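For reference, the chains in residue letters:
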Amino acid sequence: MSGYFKELFGGTKSLFVGLGITFKYMIKPVVTVQYPHETLVMPPRFRGHIELVGDEETGAPKCVVCGMCQKACPTNCITLTGEKPEGGKKKVLTGYILNFTTCSLCGLCVESCKFDAITFSRDYNLAGPRKDAYIFDLKKRLEEKSG
Amino acid sequence: MTLTEPWRVLAFLVGIIAFVALNAAYLVWLERKVAGHIQGRIGPKEVGPFGLLQPLADGIKLMSKQLLVPKGVDPLLFKVAPLLVLVPAVMSFVTIPFGENLVARNIDIGLLMIFAFASVNVMGLLLGGWGSNNKYAVISAARAVSQNVAYEIPMLITVVTMIMLTSTMNLNEMVIQQGGGILNWHFFANPLMPFAFLIFFVCALAETNRAPFDLGEAESELIAGFHTEYSGMGFGVFFMGEYANIIIGCSLAVILFLGGWQSPFEFLSDQGLWGVFWFLAKVYFLIFCVMWIRWTYPRTTLWGLLNLSWKILIPISLLILLLTGAMIKVWPLITGAS
Amino acid sequence: MNDLARSPNQETFVLNLGPQHPATHGVLRVKLTMDGEYIVDAEPVLGYVHRMHEKMGENRTWVQFMPNTARLDYLGALSYNHGYVKVVEQAMGLEVPERAEYLRVITVELNRIASHLLWFGAFVLDLGGFTPLLYAFDDREHILDLLESVTGSRLTFCYYRFGGLCNDVDDDFLTGTRAFIKRLRKRLPDYHNLVTKNIILINRLKDVGVLSAEMCRKYGATGPVLRGSGVDYDVRKNEPYSVYPELDFEVPVYSEGDSMARYMVRMDEIDQCLRIVEQALDKLPEGPVMAEKVPKILKPAAGDYYGAVEAARGTFGIRIVSDGTNIPYRMKLRSPTFSNLSLYGEASRGLLLPDALALMGSLDLVIPEIDR
């Protein structure tokens, strides 16, 4: 019988304690970020999709078309093409396509690059109605950014 | 101001339906706000200032949706069930005194009538679940019925206690007896009354299928219980019925224990619209408590509810009934009053 | 078990719980044979998110398989990364710098707290309480912010490399972690008052879904499920790896075997994780975070290697077979929740539907990890 009353009073008390806690949190300020109106800045190491890095002076891509990133990618989402211009020694990038639909954002491509020619974007507001919106032409993006 | 009979009925119907619809809409908004702040969020805020137009948007959305009648359901039961939840709730408002003179029908057996209508509510849930041709809905319907058995007994015992105390079943009369300040409320009539109030309140939660007793629509077990298959306004009417029942439950608690439309202090007026104000203020405070409870506790199981009912609520409510009866009869003998 | 559920003449019906059901937290389907609300038989049906991770392992280089390990259990990804790098390092004979080992422990334990916090919220949500989920998410968000600042990602961290880490942490991370420990220690009593001591929750979990140690052994259950049944087994203690032997922590064990015991094991583990992180922060040595002689192309010597770590849900074992090339010959992943779930059929027999769902919640299932 005493166990019954103990449970009754203990249980009732626990219920009121619970109410007290939710009340305490109710009068605390809200913790959410009102997303479309406020956005957070991603930390410097944030792994977004990749971007080409342009040369600081010329704005041309630093990429030398060695193809290491293509080889490192587990999902084959990078396609790059280059050609040797007439009279030039080095290959020049002609196209860098990232198929973001299969990218797993692992960052192995950036790690494999010895020329710091690719970097992570800090853009995370990615949404679109069609699949082809995520076949990024990174060379074009770089040209748009620099010029 | 007195109205002739047909006008009185019309005024009541329009008034009550508008009251229920408006409350259902804005209690959803309030619930979302309360839940939001309890959880450290804001709740609706995009549609209109403070999200105040959100219920309107939700209502338009629900009404514009097709009322799907899935294959294999019993079409008649399926369509009637939501009405069986809403209509009795609306009917119960007939005897609720909102103010000293603001009551649609001042019936002498008002309390009995409310409980008669309240028991139809379960019928709606049962038929809706049964007619849906969905296993989750059938389980939910069975739960709703067994739940009904669990909470109605202690609730009625408590109500009988109150009838003994007031010797009337007329709701307005009960309120009038509690006039003259907060200490005259039945909540303070004797030391047992706070416990009686607690029991009544717990049973009202179970009656309205609110957490922690929302066994019927336990969303993590039964998807949405009896209204799993309902879309558009079919669901909307269930929802309105649920909120109308909450208002009824809280109104009864206010009338029985917290002085109805009487003001808490004698120097504050409770005439005319002030009475309505005090009544609604108390009702909304209880509704807030209902929401607060919902967003605090996990759900009980059916066994938990039965244990609570048979091991705790029924013995205690019987004890209160007995002691109150003794007090009414014995106390005058001791003090020597007539 | 009630008599009705046992009687063969009783009319039963089949209830499909899932693949889309709020309580399965993913695409798990459980075929329940029910007698009223009693469960006569339960048969988990798997494979809705099967992605052939083991087969993928046989078609990728050792490095390229790394992101896959984070996608098994996306709530405790670092433990799985750790298991993988550990076994490959073992195969390659690589020495990991001490600082890297300490940082691995710190990040893994933070990840374990995040995983347990999410489980705590989702479990109470299964029981019908919504609010604790949001509180737990609030705390978990702090952990994810910390981990994101060092790893660059919030779920599929992919932070470890063979021989160390991909980059060192900064001071902000260290101070942030200490602040977080303080914050969580302040909030845990609230969780206990709001949830653990709540009479409704106690009544729902006490003596419900009892798993005996015998049954856990039979099905190979590990982690908090096993420790909730009174078996003191934790890979971190029994087969110590990394720098765990140098850290002082306890393994919470409860002998009741009911859902409450599993709940308590996880809640106590959060405390212990905080202790581990605190000590590791104190002892964190200076130095490099990457071994010096890591070959560019990994080719472990031909052979058969096995390694296990204690993930948030139990023992994660990984067996690799190398034929000496840069592509694995065989990759076998032993995921803990697969074994933990397999006892569900037997354990849920005779339970009521809500109790069976409480039992399922207390197993802490992550479906992509079961299906792999």
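Residues numbered from 1 in each chain as written. Chains lettered and ligands numbered in written order. Predicted model: local features only at pLDDT ≥ 70, side-chain atom pairs only at ≥ 80, totals over all residues.

S.K.: Tell me what's going on with the overall build of chain B, and back it up with residues and numbers.
M.R.: Counting its regular elements, chain B contains 11 helices and 0 strands. Order of helices (α) and strands (β) in chain B, N terminus to C terminus: α-α-α-α-α-α-α-α-α-α-α. Relative to the globule expectation of 20 Å for 338 residues, the C-alpha radius of gyration of chain B, 21 Å, shows essentially globular dimensions. Dimensions of chain B along its principal axes, counting C-alpha atoms only, are 70 × 50 × 45 Å. A burial count over chain B gives 46% of its 338 residues as buried. Looking at chain B alone, contacts between residues at least 24 apart form 77% of all its contacts between residues at least 6 apart. (Helix = DSSP H or I, 4+ residues; strand = E, 2+ residues; numbered from the N terminus. Rg over C-alpha atoms; globule rule 2.2 N^0.38 Å. Buried ≥ 20, exposed ≤ 12 C-beta atoms within 10 Å, placed from the backbone. Contact = placed C-beta atoms within 7 Å.)

S.K.: Please set out the interface of chain B and chain C residue by residue, giving values where relevant.
M.R.: Contact residues are listed per partner, giving 20 residues for chain B and 24 residues for chain C. Among the secondary structure elements, those contributing two or more residues to the side of chain B that touches chain C are α5 (135–166) and α8 (219–222) of chain B. Considering each element in turn, the side of chain B that touches chain C owes the most residues, 3 residues, to α8 of chain B.

S.K.: Mind laying out the interface of chain B and chain A, listing which residues take part and the relevant values?
M.R.: Taken together, the contact between chain B and chain A spans 10 residues of the former and 10 residues of the latter. Here the residues of the side of chain B that touches chain A sort into 6 nonpolar, 3 polar and 1 charged. (Nonpolar A, V, L, I, M, F, W, Y, C, P; charged D, E, K, R; others polar.)

S.K.: Explain the sheet that holds strand β8 (residues 330–334) of chain C to me, using residue names and the numbers behind them.
M.R.: Residues and elements named next belong to chain C. Strands sit in the order β6-β7-β8 across an open sheet of 3 strands; the sheet is antiparallel. Because the sheet does not close on itself, it has two edges, and the strands there are β6 (303–311) and β8. Neighbouring strand axes in the sheet, compared pairwise and without regard to direction, differ in orientation by 10 degrees on average. Sheet topology places β6 next to strand β7 (residues 314–322); 9 bridges connect them, and they run antiparallel. (Pairing = 2+ DSSP bridges. Axes fitted to C-alpha atoms, helices over the stretch in contact; angles between N-to-C directions.)

S.K.: Residue-level account of the confidence of the model for chain C, with values.
M.R.: All names here are of chain C. Per-residue confidence for chain C gives a mean pLDDT of 87, with 97% of residues at or over 70. Looking over chain C, one finds the lowest element-wise mean pLDDT in helix α1 (residues 3–6), namely 50, and the highest in helix α12 (residues 259–283), namely 91. In the model, residues 1–5 has pLDDT below 50 throughout and makes 11 contacts with residues more than four positions away in sequence or in other chains. Predicted as a complex, the structure gets a pTM of 0.88 and an ipTM equal to 0.82. (pLDDT = per-residue confidence, 0-100.)

S.K.: Give a description of helix α5 (residues 98–126) of chain C that names residues and reports values.
M.R.: Residues and elements named next belong to chain C. Under the 1.5 Å per step criterion, the end-to-end length of α5 is 42 Å for 29 residues, consistent within 8% with the ideal 42 Å. Burial runs high along α5: 27 of the 29 residues are buried. Positioned one or two residues after α5, G128 has a phi angle of 100 degrees, which is positive. (Expected span 1.5 Å × (residues − 1).)

S.K.: Outline the sheet that holds strand β3 (residues 92–99) of chain A, supporting the account with residue identities and numerical values.
M.R.: All names here are of chain A. Judged by pairing direction, the sheet is antiparallel, and its 3 strands sit side by side in the order β2-β3-β5 without closing on themselves. Two strands lie at the open edges of the sheet, namely β2 (78–83) and β5 (135–137), each paired on one side alone. Strand-to-strand twist in this sheet, taken as the mean axis angle between neighbours without regard to direction, amounts to 15 degrees. Both β3 and β5 contribute to a ladder of 3 bridges, which runs antiparallel. Residue pairing in the sheet places L98 in a bridge with F136 of β5. Strands β3 and β5 of the sheet are contacted by helix α4 (residues 138–146), whose axis makes an angle of about 50 degrees with β5.

S.K.: Go over the environment of E83 of chain A with me, naming the residues and quoting the values.
M.R.: Residues and elements named next belong to chain A. Mapped onto the elements of the fold, E83 is located in strand β2. With 12 C-beta atoms packed within 10 Å, E83 lands in the exposed category. Residues E83 and E7, spaced 76 residues apart in sequence, show a C-alpha to C-alpha distance of 81 Å. If near-sequence neighbours (up to four positions away) are discounted, E83 is found in contact with K91, V92 and T94.

S.K.: Report on the nonpolar core, specifying residues and quantitative values.
M.R.: Residues A244, C250 and A253 of chain B together with I39, V88 and A356 of chain C are the most contacted members of the largest nonpolar core, which totals 226 residues. In terms of residue count, the dominant contributor to this core is α5 of chain C (17 residues). In contact with C250 of chain B, not counting residues within four places along its chain, are V283, L286, I287 and V290 of chain B. (Core = buried A, V, L, I, M, F, W, Y, C linked by C-beta atoms within 7 Å.)

S.K.: Help me get a handle on the environment of Y244 of chain C, residues and values and all.
M.R.: Residue and element names in this part refer to chain C. Structurally, the position occupied by Y244 is in the loop between α11 (235–238) and α12. Accessibility expressed as a C-beta count within 10 Å gives 21 for Y244, which makes it buried. Setting aside residues up to four positions removed in sequence, Y244 forms contacts with V105 and R236.

S.K.: Let's hear about the packing of α5 of chain C against α12 of chain C: which residues, and what values?
M.R.: Residues and elements named next belong to chain C. The interhelical angle for the contact between α5 and α12, taken along N-to-C directions, is 160 degrees, at an axis separation of 9 Å. One way to sum up the angle between α5 and α12 is to call them roughly antiparallel. For the element pair α5 and α12, the recorded crossing hand is left-handed. Contacts between α5 and α12 involve Y102, V105, I106, E109, L110, R112, I113, H116, W119 and F120 from the former and R266, E269, I270, C273, I276, V277, A280, L281 and K283 from the latter. Looking at the contact of α5 with α12 residue by residue, the class counts come to 13 nonpolar, 1 polar and 5 charged. (Parallel < 35°, antiparallel > 145°, perpendicular 65-115°, else oblique. Left-handed = near helix turned anticlockwise from the far one by under 90°.)

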